[in-house]
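# An overview of the molecular structure
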Amino acid sequence: MSKTAKLELESKSLTLPVVVGSEGEHGIDISTLRQQTGYITLDDGYGNTGSCSSKITFIDGDKGILQYRGYPIEELALKSTFVETAYLLIYGELPTVAQLNHFSNLLTENEMLHENMKRHFESFPPSAHPMAILSSMINATSCYHPRLMEGYKAENFTLQAARLISKVRTIAAYSYRQARGFPIIYPKTTYKYTANFLHMLFSQPYRDYELKPEVVRALDLIFLLHADHEQNCSTSTVRMIASSQANLFACAAGGVCALWGPLHGGANQAVIEMLEDIHKSGDDGSRFIAAAKDKTSGKRLMGFGHRVYKNYDPRAKIIKEQCDKLLSVLHINDPLLDIAKHLEEAALRDSYFVERKLYPNVDFYSGIIMRAIGIPPEMFTVIFAIGRMPGWIANYKEIAETQGSRIYRPRQIYTGPTIRHFVPLEQRTQKA
Ligand code: ACO
């Protein structure tokens, strides 16, 4: 017999269905609550709210489990590539050789931007944050593909998805070069996804960037590890926009803005800035840990803590190993890595962090890898956004393909003034 939950409310007794997910997660279905009782639920920050059911990604935060379409992140990190994982997330199954080749070729065919778009880049000041450029340019790119405005169409969805995944990398590379006054480097059709991105970032017209397999692999892994993370702030934003039937590129542009904040994707940039500050001040991290525990300091240990993971973030473990490996291959001795390790050890011994179940998250070590590759901090969140694109696309598709899906429209508990009447301007007195 299926489970139910009983709710006693005033004189009413209500039986609510319990929904059970494929990994055994339980949720009380309150979709008829307001209609039956006039009440809504209140869950500030959505910590207890399932906003949807989804077949894409599973997380068990207490056990440190992350699975894309059922596959453990550890296996994908070891055996897959970003492009293959993107396909898996979007279509639900690992591709065959033919499917992967087709998808990969589509990415190659769509890597260029319309030549006129160069002018858009030129109009941004050199100081523009690349996340602002990314979001604007994703929207601008949609103007060159008018069929997007028709909304979701199964027959051209793969092309639109490939366009987005492919072009976002070109946009990111252009914004990096534009800010430095470097000439634009066009993509090379012979390079695969991540190698091509590195080429567009770092080659010069007179000299190709030397692609090291370890560097390509490390960046590809960063993309893969960021590819989806169920209903986080930016993905929920994408789903929210998608629920209004806005086009795919508009949804992705909104996702970029949500990701930008330092409590979300912006944390990777904030981590490196924090480590640099600690290094410059001559602190080994101890003073910073003390400040992060002091609520009046306004400081947090960036790259630590997660709304869902309360044991460890499995991505952080993979990234830390990759970080050690890459720095050793490149013979880089980065003092920031030593500070990061010291901070981690000290925090994991400190009752403040232990009691609050605060562990390193994916952002804690990813910045050190990107720094070793030569990617500047202001591009870190852009790298995250490139990686997250398949997850956003998969979530967009899930909404678009759900029969009878409704526009997202949460309720609120209003706490403002009760009804009052308009006072003409000349009769108003100043209130505090
Ligand atoms: N440093 C110091 N204290 C922290 C930290 C931190 N990094 N994170 C949480 N805390 C404390 C809070 O002050 C709070 O303490 P209290 O109970 O005494 O008031 C307690 O731990 C719980 O914190 P919340 O903010 O309620 O946790 P929430 O789930 O809302 O936030 C978040 C999660 C935003 C990730 C938070 O841990 C944080 O700000 N971390 C630093 C930023 C960061 O690394 N963000 C990246 C997240 S992963 C990602 O988006 C890819």
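Let me begin by describing the structure that accompanies this report. Since the structure is predicted, the reported quantities are computational estimates derived from the model, not experimental observations. (Residues numbered from 1 in each chain as written. Predicted model: local features only at pLDDT ≥ 70, side-chain atom pairs only at ≥ 80, totals over all residues. Heavy atoms only, no water.)

Below, the discussion takes up the nonpolar core. In this structure, Ile138, Met274, Leu275, Leu301 and Ile375 are the most contacted members of the largest nonpolar core, which totals 119 residues. Looking at this core, the element that brings in the most residues is helix 18 (residues 380–401), giving twelve residues. Contacts of Leu301, omitting those with residues within four sequence positions, involve Met274, Phe288, Ile289, Ala292, Leu343, Ala347 and Phe353. (Core = buried A, V, L, I, M, F, W, Y, C linked by side-chain atoms within 4.5 Å. Buried < 20%, exposed > 50% of the residue type's maximum accessible area, 1.4 Å probe, protein only. Helix = DSSP H or I, 4+ residues; strand = E, 2+ residues; numbered from the N terminus. Contact = heavy atoms within 4.5 Å.)

The next subject is the site of the ligand. Residues in contact with the ligand amount to 20 residues; listed here are only the nearest, Arg300, Leu301, Gly303, Arg307 and Tyr352. Within the backbone of Leu301, an N or O atom sits 2.8 Å from a nitrogen atom of the ligand. Here an oxygen atom of the ligand and a side-chain polar atom of Arg356 are 3.0 Å apart. Within the complex, 76% of the 920 Å² of free accessible area of the ligand lies under protein. Residue composition of the shell around the ligand, by class: ten nonpolar, five polar and five charged. (Near = heavy atom within 4 Å. Polar contact = N/O pair within 3.5 Å; in protein donor to acceptor, adjacent residues only side chain to side chain. Areas by Shrake-Rupley, 256 points an atom, 1.4 Å probe, with all protein chains shown as cover. Nonpolar A, V, L, I, M, F, W, Y, C, P; charged D, E, K, R; others polar.)

Here the focus is helix 3 (residues 82–91). Given 3.6 residues per turn, any residue in an α-helix points the same way as the ones three and four places further on. For helix 3, the buried fraction is high: nine of the ten residues fall into the buried class. Of all the positions in helix 3, only Phe82, Val83, Glu84, Thr85, Ala86, Tyr87, Leu88, Leu89 and Ile90 are classed as buried. Following helix 3 by one or two positions, Gly92 adopts a phi angle in the positive range, close to 95°.

Turning our attention to the pattern of salt bridges. This model, assessed by the stated rule, comprises 16 salt bridges. Residue Arg169 pairs with Glu111 through a salt bridge whose shortest N-O separation is 3.8 Å. Of this pair, Arg169 sits in helix 7 (residues 154–180) while Glu111 sits in the loop between helix 4 (97–109) and helix 5 (117–122), placing them 58 residues apart in sequence. Each member of the pair, Arg169 together with Glu111, is buried. By sharing partners, the salt bridges in this structure join Arg147, Glu150 and Glu155 into a single network. (Salt bridge = Lys/Arg side-chain N within 4 Å of Asp/Glu carboxyl O.)

With that out of the way, let us pick up the sheet that holds strand 3 (residues 26–28). Spatially, three strands are ordered 1-2-3 in an open sheet, and the strand pairing comes out antiparallel. Each end of this open sheet is capped by a strand with a single partner; those strands are strand 1 (4–9) and strand 3. Direction aside, neighbouring strands of the sheet carry axes that sit 30° apart on average. Looking at chain direction, strand 1 and strand 2 (residues 12–20) are connected through six bridges and run antiparallel. By the bridge assignment, Glu8 is partnered in strand 2 with Ser13. (Pairing = 2+ DSSP bridges. Axes fitted to C-alpha atoms, helices over the stretch in contact; angles between N-to-C directions.)

On to the sheet that holds strand 5 (residues 65–68). Each strand in a sheet pairs with another by means of backbone hydrogen bonds, the pair being arranged parallel or else antiparallel. Pairing is antiparallel across the open sheet formed by three strands, whose spatial order is 4-5-6. Of all the strands in the sheet, the pair left with one neighbour each is strand 4 (57–60) and strand 6 (71–72). Summarising the sheet, strand 5 and strand 6 pair through two bridges and their orientation is antiparallel. What sits directly across from Tyr68, in strand 6, is Tyr71.

Its 14 residues give helix 12 (residues 267–280) an end-to-end C-alpha distance of 20 Å, which sits within 8% of 20 Å, the value for a rise of 1.5 Å per residue. Structurally, helix 12 contributes buried residues whose contacts are with helix 13 (286–293), helix 15 (335–349), helix 17 (363–373) and helix 18. Once helix 12 finishes, Gly282 follows within two positions and takes phi at roughly 80°, a positive value. (Expected span 1.5 Å × (residues − 1).)

With that settled, consider the packing of aromatic side chains. Taken as a whole and judged by the stated rule, the model has 17 aromatic pairs. With centroids separated by 4.9 Å and ring planes inclined at 70°, the aromatic side chains of Tyr352 and Phe353 adopt a geometry described as edge-to-face. Neither Tyr352 nor Phe353 differs from the other in exposure class; each is buried. Ring pairs connect the aromatic residues Phe304, Tyr352, Phe353, Phe364 and Tyr365, which therefore count as one cluster. (Phe/Tyr/Trp six-rings, centres within 6.5 Å; stacked < 30°, edge-to-face > 60°.)

Locating Gln67 in the fold gives a position in strand 5. A relative accessible area of 13% means that Gln67 is categorised as buried. Not counting residues up to four positions away in its chain, the partners in contact with Gln67 are Glu23, Ile56, Thr57, Phe58 and Pro72.

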